[in-house]
Amino acid sequence: MFYQPIVRLADEDVLGFEALLHWNHPDGTVRLPGQFLAQLEETGLISGLEVVAEGVEKTEQRDFFRDLGCDYAQGWWFGRPEPRR
């Protein structure tokens, strides 16, 4: 498992870390979060999620999301994923 910082765009404070995950489905395939989180929300198993802009790799992307009013972001611009120690 790898962790990547989540940063508040207003002041770039690191608020925490996201665990980058995937699901090894019983059929032998690997499912990425985008393939199973929506199903969990639809069934009510998870709710009240906050939106985090992901994949921020450039200053322009950071500024774009901040200007849109996004509160949080993560990506290589803030820090590369690190293995758990």
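Novice: In this structure, what is going on with the packing of aromatic side chains? I would like to understand it.
Specialist: Pairs of aromatic rings are described using the distance from one ring centre to the other and the angle between the two planes. Per the stated rule, a full pass over the model turns up two aromatic pairs. Measuring from ring centre to ring centre gives 5.4 Å for Phe 64 and Phe 65, while their planes differ by 70°; the resulting arrangement is edge-to-face. For Phe 64, a relative accessible area of 49% translates into the label partly exposed. Measuring from ring centre to ring centre gives 5.1 Å for Trp 77 and Phe 78, while their planes differ by 80°; the resulting arrangement is edge-to-face. Among the residues examined, Trp 77 registers a relative accessible area of 29% and is labelled partly exposed. Accessibility expressed as a relative area gives 18% for Phe 78, which makes it buried.

Novice: Explain the pattern of salt bridges to me, please; I cannot follow it from the model alone.
Specialist: Pairing of side chains with opposite charge becomes possible as their charged atoms draw close. One pass over the structure, following the stated rule, counts six salt bridges. A salt bridge links Arg 62 to Glu 12; the shortest N-O distance between them is 2.6 Å. With Arg 62 in helix α2 (residues 59-67) and Glu 12 in the loop between β1 (2-8) and β2 (13-20), the pair connects residues that are 50 residues apart, well separated along the chain. With its nearest N and O atoms 2.7 Å apart, the salt bridge here joins Asp 63 to Arg 62.

Novice: Looking at this model, I keep getting lost on the side chain of Gln 74. Mind explaining?
Specialist: Residue position: Gln 74 is located in the loop between β5 (72-73) and β6 (82-83). Among the polar contacts made by the side chain of Gln 74, one reaches the side chain of Gln 4 at a distance of 3.4 Å.

Novice: In this structure, what is going on with the confidence of the model for the protein chain? I would like to understand it.
Specialist: Detailed reading of the predicted coordinates is not advisable wherever pLDDT is low. Confidence in the prediction for the protein chain averages 81 pLDDT; 89% of positions are at 70 or higher. When mean pLDDT is compared element by element in the protein chain, α2 scores highest at 90, while helix α1 (residues 33-42) scores lowest at 75.

About the thresholds
Residues numbered from 1 in each chain as written. Predicted model: local features only at pLDDT ≥ 70, side-chain atom pairs only at ≥ 80, totals over all residues. Heavy atoms only, no water. Phe/Tyr/Trp six-rings, centres within 6.5 Å; stacked < 30°, edge-to-face > 60°. Buried < 20%, exposed > 50% of the residue type's maximum accessible area, 1.4 Å probe, protein only. Salt bridge = Lys/Arg side-chain N within 4 Å of Asp/Glu carboxyl O. Helix = DSSP H or I, 4+ residues; strand = E, 2+ residues; numbered from the N terminus. Polar contact = N/O pair within 3.5 Å; in protein donor to acceptor, adjacent residues only side chain to side chain. pLDDT = per-residue confidence, 0-100.

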